[in-house]
Amino acid sequence: MSPKRAAVMVASVGLFWQVLVHPALAQSDPLGSLVKGTGLTYLEYQGIYVFSFKPDEASGVDRWMVRVAYNSDKKSWICISCTMIDKEDNYKFPEAVKERLLRYNSQVPGSKFSIDQANGDIDVEWELPTQFATSELLAYMIRDVAATCDGQHDTIANMLK
């Protein structure tokens, strides 16, 4: 092989790497850079990003721990969630609480409540397609989840007494 041909091959391989392979690798797991771009303080553990917020309104709560992670190995959706109520496993939530959460979910845009009866939890969540995620949108959703927990906690907790 001539030196000229070898140089063209090396340049072609380098161009292929820069244009096709390297960007694909960088975009294959964008959550870390999206989280970093929020400007919010967080901890990361095994692909789960945790943001801590002190409550403004909720009583008996020392902080909201908002979790951000992919919702599956496909990494096509990002889930932003926080446990607002934590009861014992298999806790049977009263119908009035379920109705209240359903009414909230249908009347208020943004974060939504979900009941995880097996773990005795009421969570507040957002889900977002990864392809549409921006750091700004992610920061908004993280704050909205924490604010929803904060604003609704006492009402729901009082219904469980």
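Read on for a plain summary of the structure. (Residues numbered from 1 in each chain as written. Predicted model: local features only at pLDDT ≥ 70, side-chain atom pairs only at ≥ 80, totals over all residues. Heavy atoms only, no water.)

**Some thoughts on the overall build of the chain**
A count of helical and extended segments in the chain gives four helices and six strands. Classification of the 161 residues of the chain by burial places 36% in the buried group. Partitioning the intrachain contacts of the chain with sequence separation of at least 6 by distance along the chain shows that 58% fall at a separation of at least 24. When the accessible surface of the chain is summed, it comes to about 10100 Å², and 55% of that surface belongs to carbon and sulfur atoms. (Helix = DSSP H or I, 4+ residues; strand = E, 2+ residues; numbered from the N terminus. Buried < 20%, exposed > 50% of the residue type's maximum accessible area, 1.4 Å probe, protein only. Contact = heavy atoms within 4.5 Å. Areas by Shrake-Rupley, 256 points an atom, 1.4 Å probe, with all protein chains shown as cover.)

**Quick notes on the pairing of strand E2 (residues 48–53)**
Of the two faces of E2, the one lined by Tyr49, Phe51 and Phe53 is fully buried and the one lined by Ile48, Val50 and Ser52 carries no buried residue. Where strand E1 (residues 43–45) and E2 come together, three bridges link them in antiparallel fashion. The residue bridging Glu44 from the neighbouring strand is Tyr49, located in E2. Adjacent in sequence and paired antiparallel, E1 and E2 are bridged by two residues, among which Gln46 carries a positive phi angle near 50°. (Pairing = 2+ DSSP bridges.)

These figures capture arrangement, not role.
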